[in-house]
Amino acid sequence: DDDLAERDPPATFRFAAGSLFQIDDRFHASAGASFTRTNRDRVAGGIVPRSDQFRVDLLPEIGVQLHPRVDAAAGAALPVSGKNTPQSYLVTATARVRF
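Residues numbered from 1 in each chain as written. Predicted model: local features only at pLDDT ≥ 70, side-chain atom pairs only at ≥ 80, totals over all residues. Heavy atoms only, no water.

A.B. asks: I'd like to hear about the overall build of the protein chain, residue by residue, with values.
C.D. replies: Looking only at helices and strands, the protein chain has zero helices and nine strands in total. For the protein chain, the N- to C-terminal ordering of α and β elements is β-β-β-β-β-β-β-β-β. Projected onto the principal axes, the alpha-carbon positions of the protein chain cover approximately 60 × 30 × 20 Å. Across the 99 residues of the protein chain, 19% fall into the buried class. A total accessible area of about 7,300 Å² is found for the protein chain, and carbon and sulfur atoms account for 59% of it. (Helix = DSSP H or I, 4+ residues; strand = E, 2+ residues; numbered from the N terminus. Buried < 20%, exposed > 50% of the residue type's maximum accessible area, 1.4 Å probe, protein only. Areas by Shrake-Rupley, 256 points an atom, 1.4 Å probe, with all protein chains shown as cover.)

Written out as structure tokens, the structure is:
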């Protein structure tokens, strides 16, 4: 479909930063933020008006050390602001094994 319409997918840039905090010997938390920017769509050589997007998310996470080599964490991506993008939420569960 994209080739026939001469459609070029827009470039997306994402920047995220955060920090990890040790709460206790076994518990940790992290907090961060991300910024995502997507350029405008191009169809048949022209730019689609108001097709650019940006989004800012908060990224909280809390984790526990289950074993000296195993961590488990739960986190989320919570939208703070955006333009031309759906307001969606993300919940994550992570298991980390160190060796």
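A.B. asks: Give a detailed account of the pattern of salt bridges, specifying residues and quantitative values.
C.D. replies: Evaluation of the coordinates by the stated rule reveals five salt bridges. The salt bridge involving Lys83 is made with Asp52; its shortest N-O contact spans 3.2 Å. Residue Lys83 is located in strand β8 (residues 70-83), and its partner Asp52 is located in the loop between β5 (46-47) and β6 (53-58); the two are separated by 31 residues in the primary sequence. In this structure Asp52 comes out as buried when scored by relative accessible area, which is 8%. In this structure, the salt-bridge partner of Arg96 is Asp71, at a minimum N-O distance of 3.8 Å. Here Arg96 is found in strand β9 (residues 90-97), whereas its partner Asp71 is found in strand β8, with 25 residues between them in sequence. For Arg96, a relative accessible area of 35% translates into the label partly exposed. Look at the salt bridges and you will find they share partners, linking Arg37, Asp52 and Lys83 into a network. (Salt bridge = Lys/Arg side-chain N within 4 Å of Asp/Glu carboxyl O.)

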